[in-house]
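# A closer look at the structure
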Amino acid sequence: MPKAFVLAGTHSGCGKTSVALGLLRALSRRGLRVQPFKAGPDFIDPGLHTVAAGQTSHNLDTWMQPEPALRALFSRHAREADVVIVEGVMGLFDGRSGVDEAGSTAHLAKLLGLPVLLVVDTASQARSVAALVQGFARFDPALPLAGVLLNRVGSPRHEGLLREALTLAPEAPLMGCLGRSADLALPSRHLGLVTAADSPDLVSTLNALADWVEQGIDLSALLAALPDLSLPTTPEAISTPTRPSVRIGLARDRAFCFVYQENLRLLEQAGAHIVPFSPLSDTELPQDLHGLLLPGGYPELAASELSANTSLRAAIRAFCASGKPVWAECGGYMYLLDELLDVEGKTWPMCGAISGRAVMTPRRTALGYREARTLADGPFGPAGTLLRGHEFHYSRREGAEAAHPAWQLTASDGVSACDGWARGTVVGGYFHAHLASNSEAARRFVEACRGE
C-alpha cells in the first residue's frame, strides 16, 4: 500500500511549493513511483509537479468537485503509487470563506483521511514557532498532524533554538529542518509561478531542490512514520462510450496551458477524442474537428507570435462561424476577441470571432471561486445549467456592448455579475469551469459536437 500525506503551509508564502517539488523529485529519483496532487483551483503547480515526479498531477478541490467524484479521482491515480503527495493551497485552514472549511487543505485532508505535514516559515522566529505550531495542531482536533518541517532556517544556532522551542509543542513531531537559500527561489510573475513550459532550467532547479530536501529531511524516516494509505478494494468502474468518438481540438502550448486533466477525462469518457494543436506554431487546425476547446494561459506573453499566425487566426474565426461548438476560457476567450492591448500599450490583432478587446491591467481584476449559471441554451445544456469553478485574471474586456453574456457568476460573498459571451454554439468567458461539478455538462458538450 502506498504512503500518503498532505503537505500544507502556515500561509501561502512559506515556501511550500519549493518543498513539495523537492520532495517529489527526491523520492522519484530514488526509483519510487510518486503520485502528485494539488489542492485547489491551481493550473501552474500541477505542471511543475508533473515534471518533478514524472507522473501527471491532478487537482483536488472540495468545493468545485462533489465528494464522490473527488474520492474516485484520488483513488484512480493513487492506487498504483508508492508515495502520494498532495500539495495544499494557501494556508492549511484557508478556503472559500473565513468561517467555512470548504475548499481548504484541512477539509481535503480530513475528507481523504490523510495526515498533514506542516511547512513552517521560521525566518526571524525562534520560540514563537512553538506557539504557531501549537495553534495549528489544536485548531481542529479532527485533523491529523503528522509533523512539521521548518523552512528557511538561518544557521545551526537558529536550528538549535527552534528544536529547543518545539519541545513546548509536542503535538507535532519535527520531521526536518530546511536551510535558507536565496538560490532556490522559484521565479514568479502575474498569476503565480513561472509555468513549466516557460522554465528552461527547470530540471536543474528541481534537482537542486531535491538535494536541499535530502540535506534537511531523513526521507526514509519520514516515510516510515506515515501510515499506509487505505483505498477502496474494488477499483472504480470506468464507463466507455459505445458510440463513435468526436474530435475536439485542444489548444495546448505555452500560451494555452491552463486546463484541468479531469475535464479532459470527462470529455473523453463522454465520447471525445482530444486532438492537441498549438496556436503558436500550427498554421491550420487539425483535420475533421467537431468542436474546439481554447483553455486559459498566457496569451498576453505570446501576443506577438499569436498575432503573427494569421492563417490559424482565420481558421479559428471560420470555425466559430461554422456552427460547431467552441468553448473558450479566460486566455482562450481573450484570443477570440478582436485584439489584445498589452501592458506596454501595444495592440495585437487576435481572432476577431468575438467583438471587443482584452486590455491587460497592472492589478488583478478578479480572483475567487464562482458558481456559474448559463444565460442561454448552448453546448453545455439549457439556460440555467450550473457549474462551479473560479476566476483569476489581470485583464478586462472593453469596446463592446455587454450583450449575449455567457454566464452569471456568483462569488463566495453572494455578489453576482455577468461574464463572457455566448451566441449559438460558441461560449467564451473568464470563468474556468470544473466539469466534475456537473458531469452532465461534459456529456452535453460532446453531444453538441456530435450534432445532437
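Above: the structure in question.
Source: prediction; values computed, not measured.

## Observations concerning the side chain of E300
- Within the secondary structure layout, E300 lies in the loop between β12 (291-294) and α10 (303-308).
- For E300, the residues in contact, after removing those within four places along its chain, are H190, M334, L340 and M360.

## Side note on empty space enclosed by the protein
- The full count for this structure, using the stated rule, is three cavities of 30 Å³ or more.
- Considered as a void within the structure, the largest cavity measures approximately 70 Å³ in volume.
- If you go around the largest cavity, the residues you meet are T374, A376, D377, G378, P379, F380, G381, A406, A422 and V427.
- Looking at the lining of the largest cavity residue by residue, the class counts come to six nonpolar, three polar and one charged.
- Of the pockets and cavities examined, the second largest cavity occupies roughly 60 Å³.
- In terms of lining, the second largest cavity is formed by H190, L191, G297, E300, C330, M334, M360, F392, H393, Y394 and S395.
- Considered class by class, the residues forming the lining of the second largest cavity number six nonpolar, four polar and one charged.

## Remarks on the pairing of strand β17 (residues 366-374)
- Pairing of β17 with strand β18 (residues 386-393), which is carried by eight bridges, proceeds in the antiparallel orientation. The residue bridging A366 from the neighbouring strand is H393, located in β18.

## So, helix α6 (residues 156-165)
- When α6 is considered as a whole, its buried residues turn out to be H158, L162 and A165. Each buried residue of α6 sits inside an arc of 60 degrees when the element is viewed along its axis, so together they form one side. For α6, the exposed residues set more than 90 degrees away from the buried face come down to P156, R157 and E164.
- Those residues of α6 that are buried lie in contact with α5 (128-139) and β6 (145-153).

## So, the environment of P286
- Mapping P286 onto the fold places it in the loop between β11 (272-277) and β12.
- Other than its neighbours up to four places away in sequence, P286 contacts R247, V275, P276 and F277.

## Comments concerning unusual backbone geometry
- Here S124, not a glycine, exhibits a phi torsion of approximately 60 degrees, which is positive.
- Take S124: it is sitting in the loop between β5 (116-121) and α5.
- The backbone of R152 shows a phi angle near 60 degrees, a positive value even though the residue is not glycine.
- Considering the arrangement of structural elements, one finds R152 in strand β6.

## Details of the nonpolar core
- L7, L23, L292, L294, I316, Y335 and L336 are the most contacted members of the largest nonpolar core, which has 80 residues in total.
- With residues up to four places along the chain from it excluded, the contact list for L294 reads A251, F277, I316, V326, W327, A328, E329, G332, Y335 and L336.

What counts, and where the lines are drawn
- Residues numbered from 1 in each chain as written.
- Predicted model: local features only at pLDDT ≥ 70, side-chain atom pairs only at ≥ 80, totals over all residues.
- Heavy atoms only, no water.
- Helix = DSSP H or I, 4+ residues; strand = E, 2+ residues; numbered from the N terminus.
- Contact = heavy atoms within 4.5 Å.
- 1 Å grid on protein atoms, 1.4 Å probe; cavity = no way out; pocket = protein on both sides within 12 Å on 5 of 7 lines; lining within 4 Å.
- Points joined across faces, edges and corners; volume = space filled by probe spheres on them.
- Nonpolar A, V, L, I, M, F, W, Y, C, P; charged D, E, K, R; others polar.
- Pairing = 2+ DSSP bridges.
- Buried < 20%, exposed > 50% of the residue type's maximum accessible area, 1.4 Å probe, protein only.
- Arc of directions from axis to C-beta.
- Core = buried A, V, L, I, M, F, W, Y, C linked by side-chain atoms within 4.5 Å.

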